[in-house]
Number of protein chains: 2
Amino acid sequence: MTTMSVQEFKSVLKTEAASVEEYLSTCLHNRNIPQRLLDSMEYSLLAGGKRLRPVLCLAVAAMFGVKKEQVMPFASAIECIHSYSLIHDDLPAMDDDDLRRGKPSNHKAFDEATAILAGDGLLTEAFVLMTETAENLPADSVLTALNTMASAAGSGGMVGGQQLDMDFTGRNDVSLEELQTMHAMKTGALIRCSCECGAILGGAGTEDQERIRTYGANIGAAFQIVDDILDEIGTEEELGKPVGSDLEQGKNTYPSMLGIEKSRELAQGLVNSAVKQLAVFDGSDALFLRTLAQYIVDRVS
Amino acid sequence: MTTMSVQEFKSVLKTEAASVEEYLSTCLHNRNIPQRLLDSMEYSLLAGGKRLRPVLCLAVAAMFGVKKEQVMPFASAIECIHSYSLIHDDLPAMDDDDLRRGKPSNHKAFDEATAILAGDGLLTEAFVLMTETAENLPADSVLTALNTMASAAGSGGMVGGQQLDMDFTGRNDVSLEELQTMHAMKTGALIRCSCECGAILGGAGTEDQERIRTYGANIGAAFQIVDDILDEIGTEEELGKPVGSDLEQGKNTYPSMLGIEKSRELAQGLVNSAVKQLAVFDGSDALFLRTLAQYIVDRVS
């Protein structure tokens, strides 16, 4: 089997996402979390989404022969980190977004203090979940993956990218290179790292880890370009928020710098490079990962 | 040597704090952090303070024969967590404090978005630092300590305690038990865990870990009672913020519930129980930890 139909791919993606969903739905229970805080954390964590990051982590680990159940706490931790970042990004002091996935954003559904704490809580519980992976996998792999994840999510990665995004907003002299650096940190780092941690936890060798790292970095970059394009040409229903909100906020985007067509080409080039990295791997998980890469750009073609 | 003079104790405390300070002053460098974010993180992290939590962690580990340098990244990580919690607690949506240690609070010196991100960044870098302890110590001890720390700092610990504090503020029917639970989570968990992680990283056995855990929980509880008393009877210079700000914000405090004298007695009782836990240990580090416990209540006598 060397190709996978779109229908088949979507069915696998759905099954994988459902298993993540099931784990997420109870992973914060029995942890002595005050009720209002737990409600707020789960409001955002269980608000849907494709669960792309954990699914990537699970598929990569499986490609190296490690069972998905073994990696599940770690993979779910990545979704907790993603969810916290959305809560904090939506805050009035940041992007001031009232809607997220078509529902009131966390600080609108609860209040600002609770939203800040729900974000802090999800970020911290993510590290509890990561350590719980050590029940199934060697402690040194778990520590290496955790270090990689904290670095990618932190101030030299995702958090730093959000800071750059704030700094760049409203500036009209941002270069393409600056935009790429910002997105590589803000969105790219976590997607790259989801793949990379799958490889580390899967026991991949150094060369294979590097291949997966490059695959992840490329699809992460493509993902953001596509997101920028969708913000311009998507429907409010697809986006879960008003169309064109990036531009309205004075944000620099790929389409505003390069135009839609050039942006699409850039994304396709990145996906091609990503797929190339997987040439040495076979089996259904490798096929799924190759198809997933192409699926990212197909959303806007 | 079975006692330590106040002068001697303060001199040891100062030396230990200085070694933590030195480590903190460079631990965020060379991590690719955008300049404004780094400035904001260091503004709060390097704003002084007694460095009580890392010093506790180092002294406990040393009592079990592990060198302070080996535990330093982990101990410093605790200060990063403490620092992040102060930044987020001061935000307008939370306690809305303009001053911290006599200087403008982080969101006043920078802006709200940067302060939120500086907190997020410090919390995440803390986990990077913790994993770096594994260069000197066994991976499984580091993972156990990291799990304990994340649980204590998270939504079932410190973050959850802040949520309860918000929920209780302005309510006039909060019971003493509720107040104690809130403080055990908000302030107590991190102080207890600083001691506990010192024991775990020091390779202490289960019984000794339990003794240290109880020591830490008791001094943590005493510390908060003393803080509440100081908020009423201290000077603005000692506090670094206006006297009586807790009461003004409608917060429930030990003195408001029990009166100053009963609060003092409660704190002294907790310190006595803490000191008792250390009876089986000897050496200069045990003596330091015993003296430190008493020092906490001596601040208000």
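How each quantity is defined
- For every chain, the first residue of the written sequence is number 1, and numbering continues from 1 along that sequence.
- All chains are assigned letters beginning at A, and all ligands numbers beginning at 1, according to the order in which they are written.
- Reporting in this predicted model follows two pLDDT cut-offs: at least 70 for local features of residues, and 80 or more for side-chain atom pairs to be given and counted; totals over whole chains, interfaces and linings ignore these cut-offs and use all residues.
- Hydrogens and waters are ignored; side-chain quantities use all the structure's heavy atoms.
- UniProt positions are given in the numbering used here, feature names are shortened, and annotations may be inferred rather than shown by experiment.
- A run of H or I in DSSP counts as a helix once it spans at least four residues, and a run of E counts as a strand once it spans at least two, with each numbered from the N terminus.
- Within these notes, the globule rule equals 2.2 Å times the number of residues to the 0.38 power, and the radius of gyration is based on C-alpha atoms.
- Burial classes: relative accessible area under 20% of the type maximum marks a residue as buried, over 50% as exposed, and values in between as partly exposed (1.4 Å probe, protein chains only).
- Pairs of residues are marked as contacts when any of their non-hydrogen atoms sit within 4.5 Å.
- Computed by Shrake-Rupley with a 1.4 Å probe, the accessible areas treat only the displayed protein chains as cover when residues are assessed.
- In summary, the charge assignment counts Lys and Arg as positive and Asp and Glu as negative, without counting His or the chain termini.
- Taken as the charge centre is NZ of Lys, CZ of Arg, CG of Asp or CD of Glu, depending on the residue.
- Buried area: the sum, over both parts, of the accessible surface (1.4 Å probe) that disappears when the two are put together.
- Salt bridges are defined by distance alone: a side-chain nitrogen of Lys or Arg within 4 Å of a carboxyl oxygen of Asp or Glu.
- Between N or O atoms, a polar contact is any pair within 3.5 Å; within protein, one atom must be a potential hydrogen donor and the other a potential acceptor, and residues adjacent in sequence are included only when both atoms are from side chains.
- Residue classes follow a fixed rule: Ala, Val, Leu, Ile, Met, Phe, Trp, Tyr, Cys and Pro count as nonpolar, while Asp, Glu, Lys and Arg count as charged, and any other residue, Gly among them, counts as polar.
- Both site types are read off a 1 Å grid over the protein atoms alone. A 1.4 Å probe that fits but cannot get out defines a cavity, while an open set with protein on both sides within 12 Å along at least five of seven lines defines a pocket; lining residues have an atom within 4 Å of a point.
- Grid points are joined across faces, edges and corners, and a volume is the space filled by probe spheres set on the points.
- The axes are straight lines fitted to the C-alpha atoms, using for helices just the contacting stretch, and the angles between their N-to-C directions are given from 0 to 180°.
- These descriptions rest on fixed angle ranges, namely under 35 degrees for roughly parallel, over 145 for roughly antiparallel, 65 to 115 for roughly perpendicular, and the rest for oblique.
- Between the first and last residue of a helix there are one fewer steps than residues, each counted as 1.5 Å, and that sum is the expected span.
- Bend at a residue means the angle formed by two fitted axes: the first through the 7 residues ending at that position, the second through the 7 residues beginning there.
- Residues grouped as a nonpolar core are buried Ala, Val, Leu, Ile, Met, Phe, Trp, Tyr and Cys residues, joined through side-chain atoms within 4.5 Å.
- Take the far helix as your reference; a near helix turned counterclockwise from it by less than a right angle gives a left-handed crossing, and one turned clockwise gives a right-handed crossing.

- Taking an unreviewed UniProt entry as the reference, chain A is identified by name as Polyprenyl synthetase family protein belonging to Halodesulfovibrio aestuarii.
- Word for word, the UniProt comment on chain A under Cofactor (unreviewed entry) is "Mg(2+)".

## Some points on the overall build of chain A
Step number 1: Within chain A, the regular secondary structure consists of 15 helices and two strands.
Step number 2: A globule of 301 residues ought to have a C-alpha radius of gyration of about 19 Å, and chain A, at 18 Å, matches this closely.
Step number 3: Taken over the C-alpha atoms alone, chain A extends approximately 50 × 45 × 35 Å along its principal axes.
Step number 4: In chain A, which comprises 301 residues, the share counted as buried stands at 57%.
Step number 5: Residue pairs at least 24 apart in sequence account for 73% of intrachain contacts in chain A once pairs closer than 6 positions are excluded.
Step number 6: Total accessible area computed for chain A in this model is approximately 11,500 Å², and 48% of it derives from carbon and sulfur atoms.
Step number 7: Between the mean site of the 25 positive side-chain charges and the mean site of the 44 negative ones, chain A shows a separation of 3 Å.

## Points about the side chain of H88 of chain B
Step number 1: For H88 of chain B, the position within the fold is in helix α4 (residues 68–90).
Step number 2: With a relative accessible area of 1%, H88 of chain B lands in the buried category.
Step number 3: Dropping the residues within four chain positions of it, H88 of chain B is found in contact with H88, I116 and D120 of chain A together with M94, A115, I116, G119 and D120 of chain B.

## Details of the interface of chain B and chain A
Step number 1: Each partner contributes to the interface: chain B provides 47 residues, whereas chain A provides 47 residues.
Step number 2: Counting each side, the surface lost to burial between chain B and chain A is near 3,600 Å², with a carbon and sulfur contribution of 72%.
Step number 3: Together, L143, S155 and Q163 of chain B form the three largest contributors to the area buried by chain B at its contact with chain A, with a combined 17%.
Step number 4: Across the chain B-chain A interface, the total number found is zero salt bridges.
Step number 5: On inspection of chain B and its partner chain A, the count reaches eight residue pairs in polar contact (both at pLDDT 80 or more).
Step number 6: Within the residue set of the side of chain B that touches chain A, elements represented by two or more residues are α2 (35–45), α4, α6 (112–132), α7 (139–153) and α8 (158–168) of chain B.
Step number 7: At 14 residues, the largest contribution of residues to the side of chain B that touches chain A is made by α6 of chain B.
Step number 8: Split by residue class, the side of chain B that touches chain A holds 25 nonpolar, 14 polar and eight charged.

## Regarding empty space enclosed by the protein
Step number 1: Counting across every chain of the model gives five cavities of 30 Å³ or more.
Step number 2: Quantified by volume, the largest cavity comes out at close to 140 Å³.
Step number 3: When residues of the lining of the largest cavity are assigned to their parent elements, the largest contribution, six residues, is made by α4 of chain B.
Step number 4: Across the lining of the largest cavity, the residue classes break down as six nonpolar, five polar and six charged.
Step number 5: Approximately 110 Å³ is the volume found for the second largest cavity.
Step number 6: Considering the residues around the second largest cavity, the lining is formed by 13 residues, among which S44, A47, D90, R100 and N106 of chain A are closest to the centre.
Step number 7: Of all the secondary-structure elements, those providing two or more residues to the lining of the second largest cavity are α2 (35–45), α4 (68–90) and β2 (103–104) of chain A.
Step number 8: Element by element, the count of residues in the lining of the second largest cavity is highest for α4 of chain A, at four residues.
Step number 9: Of the residues in the lining of the second largest cavity, the class split is five nonpolar, four polar and four charged.

## A closer look at unusual backbone geometry
Step number 1: Although it is not a glycine, D96 of chain A adopts a positive phi angle of roughly 50°.
Step number 2: Here D96 of chain A shows up in the loop between α4 and β1 (99–100).

## Focus: the packing of helix α1 (residues 6–24) of chain A against α4 of chain A
Residue and element names in this part refer to chain A.
Step number 1: The interhelical angle for the contact between α1 and α4, taken along N-to-C directions, is 75°, at an axis separation of 10 Å. Of the possible angle classes, the one that applies to α1 and α4 is roughly perpendicular. Where α1 abuts α4, its residues E16, S19, V20, Y23 and L24 lie against K68, M72, P73, S76 and E79.
Step number 2: Partitioned by chemical class, the residues of the contact of α1 with α4 number five nonpolar, two polar and three charged.

## Section: the environment of I229 of chain A
All names here are of chain A.
Step number 1: Here I229 shows up in helix α10 (residues 206–233).
Step number 2: What makes I229 buried here is its relative accessible area of 0%.
Step number 3: Taking the C-alpha atoms as reference, I229 lies 32 Å from E22; in sequence the two are 207 residues apart.
Step number 4: When neighbours within four sequence positions are excluded, I229 is seen to be in contact with G234, P255, I260, S263, R264 and V300.

## Topic: the pattern of salt bridges
All names here are of chain B.
Step number 1: Enumeration over the complete set of coordinates arrives at 39 salt bridges over all chains.
Step number 2: Between K186 and D89 there is a salt bridge; the shortest N-O distance is 3.9 Å. With K186 in helix α9 (residues 176–201) and D89 in helix α4, this pair connects stretches of sequence that are 97 residues apart. For the residue pair K186 and D89, the accessibility class agrees, reading buried in each case.

## Points about α4 of chain A
All names here are of chain A.
Step number 1: Taking 1.5 Å as the rise per residue, α4 with 23 residues should run 33 Å; its terminal C-alpha atoms sit 32 Å apart, in good agreement.
Step number 2: Along its length, α4 shows its largest kink, about 30°, at F74.
Step number 3: Counting buried residues in α4 gives 20 out of 23 residues, a clear majority hidden from the surface.

## A look at the nonpolar core
Step number 1: One finds I81, Y215 and I219 of chain A together with I81, Y215 and I219 of chain B to be the most contacted residues of the largest nonpolar core, which totals 200 residues.
Step number 2: Those residues in contact with I219 of chain B that lie beyond four places of it in its chain are L56, I191, C195, A274, L292, A293 and I296 of chain B.

## Brief notes about the packing of α6 of chain B against α7 of chain B
Residues and elements named next belong to chain B.
Step number 1: It is the contact of α6 with α7, at a shortest axis distance of 9 Å, that shows an interaxial angle of 155°. Between α6 and α7, the interaxial angle falls into the category roughly antiparallel. At the point where α6 passes α7, the crossing takes the right-handed sense. Residues F127, M130 and T131 of α6 touch α7, and the partners they reach there are V142, L146, M149 and A150.
Step number 2: The residue makeup of the contact of α6 with α7, split by class, is six nonpolar, one polar and no charged.

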